[in-house]
Structures are given as structure tokens and as C-alpha cells.
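If you want the building blocks of each chain, they are given just below.
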Amino acid sequence: MLPSVLSKSTTSPSPAHLRRLLPASSFHTSAPLRLAPIGGAPSPSPPPAQSHPPCPSPSYNHYATTLRSCVLSRAVRPGRQLHARLLVSGLCLDPALATRLVDLYASCCHVSHARRLFDGMHQKQNVFLWNVLIRAYAWDGPCEAAIETYRAMLAHGGGVEPDNFTYPPVLKACAALLDLAMGREVHQRVARTRWAADVFVCAGLVDMYAKCGCVDEARTVFDGTATRDAVVWNSMIAAYGQNGRPAEALALCRGMAAEGVAPTIATLISAISAAAYAAALPRGKELHGYGWRRGFESQDKLKNSLLDMYAKSGLVRMARVLFEQLMHKDLISWNSMICGYGMHGHADEALALFSKMRSEAQVMPDNITFVGVLSTCNHAGMAKEAKEFFDLMVNVYSIKPIVQHYTCLVDVLGHSGKFKEASDLINGMLVEPDSGIWGALLNGCKIHKNVELAELALQKLIELEPEDAGNYVLLSNIYAQSGKWEEAARVRKLMTNRGLKKMIACSWIELKGKSHGFVVGDASHPRSDEIYEELERLEGLMNQAGYVPDTTPVFHNVEDDEKRNMVRGHSERLAIAFGLISTPPGTMLLVTKNIRVCEDCHVVIKLISQIVQREIIIRDVNRYHHFVNGECSCKDHW
């Protein structure tokens, strides 16, 4: 938030102090004071109250001092009363007092009042006046008005030039609107001024480019900033984290500390979010410890970010510990914990927490809460309960469904083979179905081999995402699963003709601060021989337990022996074997995969967890699987 240039004071006056500053007649009148039309002629003076002697007319300085106090304390009611007295006295037309009134209304979220007063002013040569209005629109909306006011300021002339308090809110508005063209236009203008080196302007540019997805341009601005304080570093760290580049965000956090810039709580929150995205548990733990050593352990904002990080890194129990330590559990806290349980398949805990949120805490759920609840039902295969919660959301809480709610419900209905209900739901949606809706239906068709409906879903997906190869692959797999090899080959040929390539399945595991990635049949790792030896040892033990490879996930018309060899080399198995030979017995393993875990690997990992007595967590593209002692948290529903 930009500081007020009217005063450097940080102390807000008390209501009693304001009453002493305002004349008695501002509080005691025989007729109520009304806010006259801003910019209009002064209204006649109301008759003095008979029970109070007339008050001496206050001086200009008295009004200025009182208005300043109102602005500092965001006291809009006494400010309106003072505005009425200024209209009566005629002083409201004074540019300095009118500017302070604009600041008061804008600071108190009465932007329309501020704008009416602004439009009625004849003298607008004060850059602060323009900045106040631009900032108000950037923070409270509409953001388009912030940009329009900025353009009007440039066109106004008269010696009014944007300064370092103008550009940050304009850039914030550009970021909110994803208006990259306007953002670049502002950047070009900034580059020609002395404000190009201002840390707040540079931070605004970094944030604008990041929000618009131009991370490399954000980095160029960052690298060209001569003096980088914590604000600029935080903006760049957040830029990487928000754009799916967590490794660079974490590296930059280390670089910030190396350059002697003390990380703030905002730094930690951005870096922890990046660690959560990357499932980089060791980095998250380091940041947790650092935050506590810095004395931030009482900050609920930090605990909320750590809660989210631990949930996304597999340690949902640690997330719950932090949740219980919160001084104030707000809606974000409840949503994070409910969604965390849901992602891990802990349906009972998630729904119990939702019930506690509504009854004991009396926190009103929002649309994100119900995304978490419906996602929980989806991951647990609870179609009946999902429909009940959907009705609760609409009929009791009057929450208008968004596409994510529909996606969860279509997914669980498709998983359960309830295609008639899923189709009726899609046809009756209040919003336009997106690729997530049709993808959820297509996935259900794959599970139940519903070729006819799968073809319809694919047609819709091609219209929405013509360049997404995964949609074609899924239909090809459905054909192959049904033994329709010619149709499967036709779809793959169509992919080739359109230049589309299947996403390569990849799994990775982080050990001792280094990430190790694997693809199917990978032999490039330095310890590849040991990895395959460990897999062979485990397969021998699994065979003794009665394991028979399931080759249905191999959608190629080849011999069974070749199919078995292809399944053996799946990337998640290689990552697990590497983790087993690289860590002490009993160590939990966390493996991330970029696509869905196949059916045979799911069976194998359950057996491995029992054989080696380890907890193994797989984070695939859809959810988390906790494998412990031969069982999975998904209860074989995913």
C-alpha cells in the first residue's frame, strides 16, 4: 500500500480527539447535515440550534488539520460532516481542502464520492490528487477506471507528470486486467524517467509481467534494478512461484539471503508456496525452521502457507498440527485443511472438519470450501454424498455453482458409471462446459469402456483444445482397451498428421536437495544398474506373494512378454527403487508423477510398501496416494 504524502505520521487519532478538533456545531445541529451535490453551489446555512450558542467560525488551518486527522483514521462520518460545513462556508472550493476530501473518500472506499468531487474541481495541477484516485480504483475497482484516469492525467498536461506513486497502482491495474500491452506502454514511459530505478516501480513492473505470464521479462526488469530491497526480491520470487517455476523461486530465495537482504514474512510465504508446488519437502522444512528462528512463529499467515505446503508434500498430519496452532482460524485456514484432507483421500477427516466448521466454528463456507468437499467425495467415490453436498451448496448457502463444482460432480458420476446423470448434469449446467468437464466424462468412459460417449466427449475436447495430444491418447487407449486396434491406430495416425505428440511420462524424487527424474525404461541415471537390481529383487518377492503383472495399461498390439517388460520400467517404479537404495530403512518416500498412476503400478507399490515396511506417497496429476503396509489411502478408487 502506498503511504500518504500528506503526512509521515503513523499514529491514528482517537474518536475523542476528532471530536475535540471538530467544532461543536458539527455534532449538534437543529437539522441534520446532508451531503450536498459535490461540485454544486453551497447550500444555505442551517438555522443555529437554540440550545447551543453559535460557534466561532473555524479557521482554514483548523479545517485542514481536522481533515488530515480524518484521513489518517479513515473517519468518513466526521469527514462528511466537515465536508458539509465546508460547503456552507464556501471553503470546499479551495483546491487543497478539496484534495484532502478526495483522499478521505478514496481511502474509505467511497470512490464514487471521491470521483464526483474530483470532477467538480477546476484546478487539477496536483499530482497527489490524481494519484489518490488512481490508487483507489486500482485497489477497489474497477481497474479499467484506474487506467482511464491515468490516461486522462497524461492528457491533462499543465505540468502534472506521473511520479513513483502513480506507476505502481497503474501497473497493479494492468496486472489485474492481464493488460500486457498497456503494461508495456507504462514500462516504456517509466524507462524515460528517473523513476526507472525506484524500487516500488520496479516491483510493480515485475509483478505486472509475472501476472501476465512474462516471467523472463520480469527477470530482465529485476536484473536491471540497481538497488534491490526486499520488496523487489519478493516480487521476483513470487513471479517464479506463480508461473510454475518453483525451483527458480527457491534458488532466488537463497540468492537473496546470500546478498545480505533479510527475507521478510512475504518472502517466506512466496518461497513456501513454491516449495508446495514442487512438493519440495526438505526446502519447505528449511523455510519452516528459518521462519521460527526469525521469530515469525506467531504469524498465522506463515502458518497457513506452511499448512498448505505440508498438505501438498504428503505430511497432512503436520498440516493438521499447524492448523490447530492457529490463533485465528479464518475461512482460508478451514479451506486449506479440508482441501488437504480431500487431496489425500482422507474423506472422513475432511467431512468431519467441514461439519465442525459449520457447527462449532460457525464459519460460512464459500465456493472454494465446496470445491474441496466435492473433490473429497470424488476421490472417495462418494457419488450419493457429492450430490447431497451440491444441493446443500445451492439450496442452503445460495452459492452459484462454478465449473469446478460441476467438474467434481461429473467426475464422480462418471467414475461410478452413472453416465445418464452425468450427461443430464452437463446439459443443465448454468455455465458453459469447459475442457475439464469433458475430460472428466472421458476419463469415466475409459474406466467403464463406454466408447460411444467417449467419442462425443472427444469431439467437444477437440473443439476446445485442438492441440492437446492427451485427449487423443485417452480415446486411443479406450479403443485399445476394448480391443478395437484399428480405431486406436486411426486416432494415433490422426495425431501424427496434426503434429501432436504424447506427453512423456516422468517421475521424480528429491533427495538431499537434489531432484532425480526418470522416464519409462530410463537407463541414464548413474546408479541405473543398482536401481534395476533392486526392482528385480522386489519383483521376486512380489511373485512369491502371488503377484501377476497386469498388462492392460499397455495400449499397444504387442506380445504379452513385451507388455510385461514395458510395465516393469514405468518411471514411478524407477524413482521408488532409487529412493529405497538411497535412504535409510523406514524413511518415507515422496514421488511425483506428471500423469496418472497406472493400475499395475498401483498394485505393485502397495506390495512394495508391505515388503519394505515404508510409507510411500505418490503425487500424480489427479491426487495423492498414501501406500502403507499394503494398502492405499484411495481404497483403489482413482
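Residues numbered from 1 in each chain as written. Predicted model: local features only at pLDDT ≥ 70, side-chain atom pairs only at ≥ 80, totals over all residues. Heavy atoms only, no water.

Caption draft 1: Structural view of the UniProt feature "repeat: PPR" (unreviewed entry) in the protein. Under the UniProt annotation, the feature "repeat: PPR" (unreviewed entry) is placed at residues 126-160, 229-263, 330-364 and 468-502. Helix makes up 80% of residues 126-160 and strand 0%. Its end C-alpha atoms lie 7 Å apart. The annotated region residues 229-263 carries 74% helix and 0% strand content, and the separation between its end C-alpha atoms amounts to 10 Å. (UniProt positions renumbered as here; feature names shortened; annotations may be inferred. Helix = DSSP H or I, 4+ residues; strand = E, 2+ residues; numbered from the N terminus.)

Caption draft 2: Expanded view of unusual backbone geometry. Between Gly 141 and the following residue, Pro 142, the backbone shows a cis peptide bond with an omega angle of -10°. By the element assignment, Pro 142 lies in the loop between helix 6 (127-140) and helix 7 (143-156). Phi at Ser 398 is positive, roughly 50°, even though this residue is not glycine. Within the secondary structure layout, Ser 398 lies in the loop between helix 21 (383-396) and helix 22 (403-415). A positive phi angle, close to 55°, is found at Gln 613, a residue other than glycine. Tracing the backbone through its elements, the reader meets Gln 613 in the loop between helix 31 (599-612) and strand 4 (616-619).

Caption draft 3: Here's a closer look at the sheet that holds strand 4. Reading across from one edge, 2-1-3-4-5-6 is the order of the 6 strands in this open sheet, with mixed pairing throughout. Bordering the open sheet on either side are strand 2 (514-519) and strand 6 (631-632), each of which pairs with just one other strand. Where strand 3 (residues 589-593) meets strand 4, 4 bridges bridge the pair, whose relative direction is parallel. Across the sheet, residue Leu 589 finds its bridge partner in strand 4, namely Ile 616. Contacting strand 1 (506-511), strand 2, strand 3 and strand 4, helix 30 (residues 571-582) runs over the sheet at an angle of about 15° to strand 1. Seen against the sheet, helix 31 touches strand 4, strand 5 (624-628) and strand 6 and runs at an angle of roughly 40° to strand 5. (Pairing = 2+ DSSP bridges. Contact = heavy atoms within 4.5 Å. Axes fitted to C-alpha atoms, helices over the stretch in contact; angles between N-to-C directions.)

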